[in-house]
Amino acid sequence: MADFTPTHSLLNPKFEGYKLLLLDQDDVVRRYDLPYKTTQASSYGKTPLTFQEVQSRITHNHFVPSAFKGRGIYVDASHQVIVVDVGDTTTDPAFTAVYELPTSVAAPQIDLVHPEYPSAAFLDETVVFIGDGRGSLYVLDIPISGPAILLASFELVDQDGAVTRPSIPFRVHNVIRTSDTTAVALLSSRHYGTASDPSAKHPMKYHEFDVWAARFTLPFEMQVESLALDIIWRRRGEDVPMLLTYHRARNAYFLLGSSPYRKTSDPHAAHYDPSPDEIAPIPRPEESLDSGGPPQPTKPYPYSWTQTSDVVTVAFPLPSTITTCQIRVTFSQKTLTVHVMTPSAVEGFVIPHYSAKQLWDSIRPSTSFWTWDREGEHEFGVLTIHLDKQNEGTKWSHVFAASGTPGSAQSEDVDVPETLDPSELYAIREALEKYTAALREGEDASGLGLGRGLPTLAQGEMDEEVDSSVGRLAFVTWVGEDGSSPEWSASLRDSAFNVLSTPLPGTDIGSLSLVVKNGLDGTRHVLSDDPAHGGLPEWKHENTFSALAFVLASKRDTRFTYHASDMIFAFENGTQDRGGNVYVYRSSSPMELWAKQSVLTVGRGDGGSLLGIGAFTSGDETGNTIICLCENELVILRNVR
């Protein structure tokens, strides 16, 4: 279980909202036409994509920043690897096609699987691993100038699978140099087993996804033919991973996804829906469902009661053979006495007997009274006691002060719920409707001049269902270098949390941080490099983005949400007929009531959808330079701070 416990001193419960900080659009935003167009269109297999695959393609980042400042790559619509050199503020970016990925004609068997988008990850400033989305991996050396050099090529083949396939489409998430002579690439793919084969007669109802760790020996030796990837471990889960990386202090891999990732040898925990015959009723107090035999009737309460603003009415059932002279009822301001003299007991029936029983509140003895309705033609009659409240308008919780007392041995002290009159229920519902309507409209719900019911930020926009669904459900899985689970992870439980943001690509070097949902806030936690507490991961709460979940809930077209140390960037998708914005939210100190936000226009109608994001910080700037790759243009946000 990842512990994202917030530090209370860094939270701001008095936060009011965000104030707009205007940024000069002409000074910050630069636009350049793409000489090599890219696209998010892709050819899919003969079967529909799963929900997880659709979601992962929407959030797929087509731009990959390099460790070399101001450089990045993408793959265009013609499968060319394009290098983008941004340069400084005085020069335009340079676009260079350095390599063309081989393309193949789809065979009938290949049509049964779904190709992925091309993906890439840098090993260092010049060496990059590129997946073509159809099962091939190319290792390129991209010099500062000139064409790229192909160092090696590989294929992802499931040698342990029950179904033989030429190669498996995959996505490259990360590449890590674990030693001077070894590098490991972290990949993901959809699992194509026998049961999930689209051509099978009975395909499985669920889909799974694999995480692969492929090992490479450095330096690469020139080769002619593609080799099978050397897989050192493999994990399987129910969703495409969101983030894969390596934590050097713990010598372990960090897997973040919407499900845990188990060993492939472990059985899948199938979702089980019980049949109607297997659904057992919830037992009542002191009721045993395992006793067998026919069900016994529920024991009735010793009395029933209801109340108005000035009277409490209590009804006791009695045998109809009882006469009025056998009933003795005595009232006092604080107590009630009820004695019924009967010559013989009635089987299965308890005759009420209360001697100076303490009432829940005071009454007026002189105006309280009782009646006895024998109902001679029936087996039972009703003794009705009317208690005149001394404190009119006070709502009684019980008739007797000891009712519902835990551990009471008296049978008459059972917790008897009030029987509400239909007119009383209507009045309660009407009052609640008036109260909630006042809250929605921001009026004074009490009528006492206490002010409006919601803080400024939430007025007119409160929607608890929408706010609670912000972010993505996530689990953390730790994997050792050999594929086993680290010893210290045995004490960790699979516990879900909501991720609001992952690190801005290009700025996540050195430390791992996540922004997680904490109520309406987003708290940024940094993974400690010190493996203290027996090696257990320690997430330190660094700062808070107040009401982040609330403001993100209002964005319906958000494609990417990333963060830097003190800023959140929410990028809208943008379409052919409508541009997209980036919303920048800044963190504030716990004592400040307001924080700053900015809005910049990234996409234009003719620029196409936003496909990728990367960032870097140049030496002469204090803020981030963000590269936004659209379908038809490159947008650069200079010195955002």
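If you're wondering where the values come from, they're calculated on a predicted model, not measured in any experiment. (Residues numbered from 1 in each chain as written. Predicted model: local features only at pLDDT ≥ 70, side-chain atom pairs only at ≥ 80, totals over all residues. Heavy atoms only, no water.)

Description of the overall build of the chain
Looking only at helices and strands, the chain features five helices and 37 strands. Burial statistics for the chain: of 641 residues in total, 46% are counted as buried. Pairs at least 24 apart in sequence give 62% of the contacts found in the chain among residues at least 6 apart. Just so you have it, the chain exposes about 32,800 Å², and 52% of that area is on carbon and sulfur atoms. (Helix = DSSP H or I, 4+ residues; strand = E, 2+ residues; numbered from the N terminus. Buried < 20%, exposed > 50% of the residue type's maximum accessible area, 1.4 Å probe, protein only. Contact = heavy atoms within 4.5 Å. Areas by Shrake-Rupley, 256 points an atom, 1.4 Å probe, with all protein chains shown as cover.)

Structural notes on the side chain of Ser167
Relative to the elements of secondary structure, Ser167 occurs in the loop between strand S10 (149-155) and strand S11 (171-179). Of the residues examined, Ser167 reaches a relative accessible area of 15% and is grouped as buried. In this structure the side chain of Ser167 is engaged in a polar contact, spanning 3.2 Å, whose partner is the backbone oxygen of Arg134. Residues in contact with Ser167, not counting those within four places in the same chain, are Arg134, Gly135, Glu155 and Leu156. (Polar contact = N/O pair within 3.5 Å; in protein donor to acceptor, adjacent residues only side chain to side chain.)

Considerations on the pattern of salt bridges
Using the criterion set out here, one finds 15 salt bridges in the structure. Between Arg177 and Asp124 there is a salt bridge, with its nearest N and O atoms 3.6 Å apart. With Arg177 in strand S11 and Asp124 in the loop between strand S7 (119-122) and strand S8 (127-131), the pair connects residues that are 53 residues apart, well separated along the chain. By relative accessible area, Arg177 is classed as partly exposed at 32%. Looking at Asp124, the relative accessible area reads 25%, which means it is partly exposed. Put simply, Arg234 and Asp158 hold a salt bridge, and the shortest N to O gap is 2.8 Å. (Salt bridge = Lys/Arg side-chain N within 4 Å of Asp/Glu carboxyl O.)

Re the nonpolar core
Tyr303, Leu336, Ile385 and Leu387 are the most contacted members of the largest nonpolar core, which has 25 residues in total. Listing elements by their share of this core, those giving two or more residues are strand S20 (311-319), strand S21 (327-331), strand S22 (335-340) and strand S25 (380-388). Of the residues forming this core, the biggest block, four residues, is contributed by S20. Judged by nonpolar contacts, the second largest core, of 23 residues, contains Leu156, Val175, Ala183 and Leu218. (Core = buried A, V, L, I, M, F, W, Y, C linked by side-chain atoms within 4.5 Å.)

Here's the deal with the pairing of strand S33 (residues 581-586)
Across the six residues of S33, five count as buried, placing the element largely inside the fold. The sheet contact formed by S33 and strand S34 (residues 594-601) spans five bridges and is antiparallel. Within the sheet, the bridge partner assigned to Val582 lies in S34 and is Leu600. (Pairing = 2+ DSSP bridges.)

Overview of a negative patch on the surface
Together, Asp3, Asp529, Asp530 and Glu538 make up a negatively charged patch on the protein surface. Relative to the assigned elements, Glu538 resides in the loop between strand S29 (521-527) and strand S30 (539-545). The exposure class assigned to Glu538 is partly exposed, which follows from its relative accessible area of 34%. (Patch = residues over 30% accessible without salt bridge, like charges linked within 9 Å, V, L, I, M, F, W, Y side chains within 5 Å. Lys, Arg positive; Asp, Glu negative; His and termini not counted. Charge placed at Lys NZ, Arg CZ, Asp CG, Glu CD.)

With respect to unusual backbone geometry
Glycine aside, residues mostly have negative phi, and peptide bonds are mostly found in the trans state. Note that the residue after Leu218, namely Pro219, is joined by a cis bond; omega there is -5°. Structurally, the position occupied by Pro219 is in the loop between strand S13 (209-217) and strand S14 (227-228).

A few points about a nonpolar patch on the surface
A surface patch of nonpolar side chains, amounting to about 310 Å² of accessible area, comprises Leu20, Leu22 and Val599. The residue Leu20 is located in strand S1 (residues 17-20) in this model.

A few points about the sheet that holds strand S15 (residues 230-237)
Paired through their backbone hydrogen bonds, the strands of a sheet run either parallel or antiparallel. The antiparallel open sheet is built from five strands, whose spatial order is S11-S12-S13-S15-S18. The open sheet is flanked by S11 and strand S18 (262-263), the only strands paired with a single partner. As judged from the two bridges shared by S15 and S18, these two strands associate in the antiparallel manner. In the sheet register, Arg236 faces S18, and the bridge partner there is Arg262.

Digging into the state of the cysteines
Tallying each qualifying case throughout the model produces zero disulfides. A disulfide-free cysteine, Cys628 has its sulfur positioned 6.6 Å from the sulfur of Cys630, the nearest such atom. According to the relative accessible area criterion, Cys628 is buried, its value standing at 0%. (Disulfide = S-S within 2.5 Å.)

Quick word on the sheet that holds strand S35 (residues 610-616)
Strand order across the open sheet formed by four strands is S2-S37-S36-S35, with antiparallel pairing between neighbours. Of all the strands in the sheet, just strand S2 (29-33) and S35 have a single pairing partner and so form its edges. Each neighbouring strand pair of the sheet contributes to a mean axis angle of 20°, computed without reference to strand direction. Where strand S36 (residues 624-630) and strand S37 (residues 633-640) come together, five bridges link them in antiparallel fashion. When the sheet's bridge partners are listed, Ile626 is paired in S37 with Leu637. (Axes fitted to C-alpha atoms, helices over the stretch in contact; angles between N-to-C directions.)

Digging into the environment of Gly471
Tracing the sequence through the fold places Gly471 in the loop between helix H4 (464-468) and strand S26 (472-480). Judged by relative accessible area, Gly471 falls into the partly exposed class, the value being 36%. When the C-alpha atoms of Gly471 and Lys517 are compared, they prove to be 7.4 Å apart, with 46 residues separating the residues in sequence. If we ignore the near neighbours within four places in the chain, the residues touching Gly471 are Asn498, Val499 and Leu500.

Considering the environment of His268
Tracing the sequence through the fold places His268 in the loop between S18 and strand S19 (304-307). By relative accessible area, which is 18% here, His268 ends up buried. On a C-alpha basis, the gap between His268 and Arg236 in space is 9.2 Å, while along the polypeptide they are 32 residues apart.

Topic: the confidence of the model for the chain
Note that predicted coordinates carrying low pLDDT should not be read in detail. The share of residues in the chain with pLDDT of 70 or more is 77%, and the mean pLDDT across the chain is 82. This model gives residues 195-204 a pLDDT under 50, and the stretch forms 14 contacts once residues within four places in sequence are excluded. (pLDDT = per-residue confidence, 0-100.)

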